[in-house]
Amino acid sequence: MESSDFRDGTHMARAFRAGVEPNRKVNMPLRRRWWQPVRDLASLTTRAERIGQQMGPLVDVPALVRIENEHWVFERVEASTLVTLTHRLVLPQVDGDEVLGVTEDLSTAIEVARCMAEHDGRVVLIQPY
């Protein structure tokens, strides 16, 4: 064989077309893996249910958001803050009521409702929280 035969790839192409001899092939058994999502995720599901029961019923908590320097700032709600909230501000709409927020006392709720009525012309309901 000449070196020019290897450069054009004719022998290599013939080897790929012919394949590997049967006695030189590697024999590997096919191993099937069965994924059973119900069994595999059962521990995760039971743990989530147990923690959910310990936490108690879900409560609708409005997000505490303020805007500083044209950026939205989200605040965490502490349990002590939730205990002090007394009145909810609700904006009645055709497709359902929209909760605007929650205040710590009745005077703050009245002040917010008054400002909304004066500036936006909207009626805001004040409900006990």
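Remember, predicted model here, so these are calculated numbers, not experimental data.

Trainee: Break down helix α6 (residues 106-120) for me, citing the residues and quoting the values.
Mentor: With 15 residues, α6 ought to run about 21 Å at 1.5 Å a step, and its terminal C-alpha atoms sit 21 Å apart, in line with that. Of all the residues in α6, the buried ones are Ala109, Ala113 and Met116. When α6 is viewed along its axis, its buried side chains cluster within an angular range of 60 degrees and face the same direction. Counted as exposed and oriented over 90 degrees from the buried face of α6: Ser107, Glu118 and His119. Summarising the contacts, the buried residues of α6 are in contact with β3 (87-91), β4 (98-103) and β5 (125-128). One or two positions beyond α6, positive phi appears at Gly121, with a value near 70 degrees.

Trainee: Give a detailed account of the nonpolar core, specifying residues and quantitative values.
Mentor: As a rule of thumb, nonpolar side chains are buried together in soluble globular proteins. Core analysis: the biggest nonpolar cluster contains six residues, these being Leu89, Leu91, Ala109, Ala113, Met116 and Val124. Of all elements in the fold, only β3 and α6 reach the threshold of two or more residues within this core. With three residues, the top contributor of residues to this core is α6. When near neighbours in sequence (up to four residues on either side) are disregarded, Val124 contacts Leu89, Val90, Leu91, Leu100, Ala113 and Met116.

Trainee: Run through a nonpolar patch on the surface, naming residues and quoting values.
Mentor: There is a patch of nonpolar side chains on the surface, built from Leu64, Val77, Leu82 and Tyr129 and spanning about 280 Å² of accessible area. Summarising the element assignment, Tyr129 is placed in the segment after β5. A relative accessible area of 35% means that Tyr129 is categorised as partly exposed.

Trainee: How would you explain the pairing of β3 if you had to name every residue and give the values?
Mentor: Most of β3 is tucked away, with four of its five residues classed as buried. Sheet topology places β3 next to β4; five bridges connect them, and they run antiparallel. Counted as the bridge partner of Leu89 is Gly101 from β4. A loop of six residues connects β3 with β4, the two strands running antiparallel in sequence, and Gly96 in this loop sits at a positive phi of about 135 degrees. Judged from the four bridges that link them, β3 and β5 form a sheet pairing that is antiparallel.

Trainee: Give a description of unusual backbone geometry that names residues and reports values.
Mentor: Even without being a glycine, Glu70 presents a positive backbone phi close to 60 degrees. Relative to the elements of secondary structure, Glu70 occurs in the loop between β1 (64-68) and β2 (71-75). In this structure Glu70 comes out as exposed when scored by relative accessible area, which is 78%.

Trainee: Account for the pairing of β2, with residues named and values stated.
Mentor: Of all five residues in β2, zero are buried, a share of ten percent or less. In terms of strand pairing, β1 meets β2 through five bridges, oriented antiparallel. Bridge pairing in β2 places Leu64 opposite Glu75. As consecutive antiparallel partners, β1 and β2 are separated by two residues, and within that stretch Asn69 has a phi angle of approximately 50 degrees, a positive value.

Trainee: Which residues make up the sheet that holds β5, and what values do they have?
Mentor: Read from one edge of the open sheet, three strands run β4-β3-β5, paired in antiparallel fashion. Each end of this open sheet is capped by a strand with a single partner; those strands are β4 and β5. With strand direction ignored, the average angle separating the axes of adjacent strands in the sheet is 30 degrees.

Definitions and limits used
- Residues numbered from 1 in each chain as written.
- Predicted model: local features only at pLDDT ≥ 70, side-chain atom pairs only at ≥ 80, totals over all residues.
- Heavy atoms only, no water.
- Helix = DSSP H or I, 4+ residues; strand = E, 2+ residues; numbered from the N terminus.
- Expected span 1.5 Å × (residues − 1).
- Buried < 20%, exposed > 50% of the residue type's maximum accessible area, 1.4 Å probe, protein only.
- Arc of directions from axis to C-beta.
- Contact = heavy atoms within 4.5 Å.
- Core = buried A, V, L, I, M, F, W, Y, C linked by side-chain atoms within 4.5 Å.
- Patch = residues over 30% accessible without salt bridge, like charges linked within 9 Å, V, L, I, M, F, W, Y side chains within 5 Å.
- Areas by Shrake-Rupley, 256 points an atom, 1.4 Å probe, with all protein chains shown as cover.
- Salt bridge = Lys/Arg side-chain N within 4 Å of Asp/Glu carboxyl O.
- Pairing = 2+ DSSP bridges.
- Axes fitted to C-alpha atoms, helices over the stretch in contact; angles between N-to-C directions.

From the geometry alone we can't say anything about function, so treat these as descriptive.
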